[in-house]
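# Observations on the three-dimensional arrangement
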Amino acid sequence: MTGEIGEDDARRMEACVAGGGVAVFPTDTVYGVCCDPENEHAARRLYELKDRPGERPAAVMFFALEPALRTLLELEGAERRALHALLPGPVTLLLPNRALRFAPACGPDPATLGLRVPRLPDRLAALSSVARPVMQSSANISGQPDARELADVPARLLDGADLVLNGGELPGTPSTVIDLRDYASRGEWRVVREGALSTMAVQQMLAPKCV
């Protein structure tokens, strides 16, 4: 177990999620647990494994930016520019969910979508070939520390998952959560949780570009 993810690992993960399974996998920040974002049964199982309250939504992760943009056709121009500025990267973006997509991931707030597109290091880059989005949360028991290494993932999650991928040691700081729900209408954004990307860096990345 070298911590390198290969194409076979990516295919196994995609098949696991497509079949209604739950997978533990590495990201650009911490270890995550994922399932099909359209599968209510799989979502309930993921939440049970994490002991996560059902009223707390999860993010939807795409493994490359272009598939996300092709799927979220309802995004407005300012939102698309923000996605190009911030993604891929260690951020979770809260966006208006105008098409009410991915209901199992959005939970009690179907009007909001949490979007992740990780910037994967070379040894995890094979995951970029995963074509389908996943419902994703951190691979921990709700409220407990995030997992930097596979050994930090609780046994309950490892034993309950249908697939476990070892990506070696990760940075260990969770994503920065940025609220962009008022960005298209009023140009406003705010950092809900500062994590792997600083608020100052977010400000610089969203600053209007001089031409």
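Only a predicted model underlies this, so the values are computations on that prediction, with no experimental measurement involved.

### With respect to the packing of aromatic side chains
In this structure the tally under the stated criterion is 2 aromatic pairs. Taken together, a centroid distance of 6.1 Å and an interplanar angle of 65° make the contact between Phe25 and Phe63 edge-to-face. Of this pair, Phe25 sits in strand β1 (residues 23-25) while Phe63 is found in the loop between β3 (59-61) and α3 (65-71), placing the two residues 38 residues apart along the sequence. Centroid distance Phe62 to Phe102: 6.3 Å. Interplanar angle 75°. Geometry classified as edge-to-face. Separated by 40 residues along the polypeptide, Phe62 in the loop between β3 and α3 and Phe102 in the loop between β4 (91-96) and α5 (103-106) bring together distant segments of the chain. Over the face of the ring belonging to Tyr47 we find Arg52, whose NZ or CZ atom lies 5.7 Å from the ring centre.

### Brief notes about the pattern of salt bridges
Tallied over the full model, the rule gives 16 salt bridges. Residues Arg12 and Asp8 are paired through a salt bridge, measuring 3.7 Å at the closest nitrogen-oxygen approach. Of this pair, Arg12 and Asp8 both sit in helix α1 (residues 7-18), 4 residues apart, roughly one helical turn. Here Arg12 falls in the partly exposed class, since its relative accessible area comes to 38%.

### With respect to the pairing of strand β5 (residues 112-116)
Counting buried positions along β5 gives 5 out of 5 residues, so the element sits mostly inside the fold. Of the two faces of β5, the one lined by Thr112, Gly114 and Arg116 and the one lined by Leu113 and Leu115 are each fully buried. Bridge count between β3 and β5: 2 bridges; the pairing is parallel. In the strand pairing of β5, Val60 is matched with Leu115. As judged from the 5 bridges shared by β4 and β5, these two strands associate in the antiparallel manner. Directly across from Thr92, in β5, lies its bridge partner Arg116.

### Some points on helix α4 (residues 77-86)
Given 3.6 residues per helical turn, the α-helix brings residues three or four places apart onto the same face. Within α4, burial applies to Ala78, Glu79, Ala82, Leu83 and Leu86. For α4, the angular spread of buried residues about the axis comes to 140°, placing them on one side. The secondary structure elements touched by the buried residues of α4 are α3, β4, β5, β8 (176-179), α7 (183-186) and α8 (199-206).

### A word on the packing of α4 against α8
At a minimum axis distance of 9 Å, the contact between α4 and α8 shows a crossing angle of 125°. Taken as axis vectors, α4 and α8 run oblique relative to one another. For α4 against α8, the interelement crossing comes out right-handed. In this structure, α4 uses Ala82, Ala85 and Leu86 to contact α8, whose residues at the interface are Val202, Met205 and Leu206. Split into classes, the residues belonging to the contact of α4 with α8 amount to 6 nonpolar, no polar and no charged.

### Examining the sheet that holds β1
Backbone-to-backbone hydrogen bonds join strands into a sheet, with any given pair of strands oriented parallel or antiparallel. Reading across from one edge, β7-β1-β2-β6-β3-β5-β4-β8-β9 is the order of the 9 strands in this open sheet, with mixed pairing throughout. The strands lining the two open edges of the sheet, one partner per strand, are β7 (163-164) and β9 (190-193). Here 3 bridges tie β8 to β9, and the two strands are oriented antiparallel to one another. Residue pairing for β9: Asp179 is matched across the bridge by Arg190. Docked against the sheet, α4 engages β4, β5 and β8, running at close to 175° with respect to β4.

Calculation criteria
Residues numbered from 1 in each chain as written. Predicted model: local features only at pLDDT ≥ 70, side-chain atom pairs only at ≥ 80, totals over all residues. Heavy atoms only, no water. Phe/Tyr/Trp six-rings, centres within 6.5 Å; stacked < 30°, edge-to-face > 60°. Helix = DSSP H or I, 4+ residues; strand = E, 2+ residues; numbered from the N terminus. Lys NZ or Arg CZ within 6 Å of the ring centre and 35° of its normal. Salt bridge = Lys/Arg side-chain N within 4 Å of Asp/Glu carboxyl O. Buried < 20%, exposed > 50% of the residue type's maximum accessible area, 1.4 Å probe, protein only. Pairing = 2+ DSSP bridges. Arc of directions from axis to C-beta. Contact = heavy atoms within 4.5 Å. Axes fitted to C-alpha atoms, helices over the stretch in contact; angles between N-to-C directions. Parallel < 35°, antiparallel > 145°, perpendicular 65-115°, else oblique. Left-handed = near helix turned anticlockwise from the far one by under 90°. Nonpolar A, V, L, I, M, F, W, Y, C, P; charged D, E, K, R; others polar.

These figures capture arrangement, not role.
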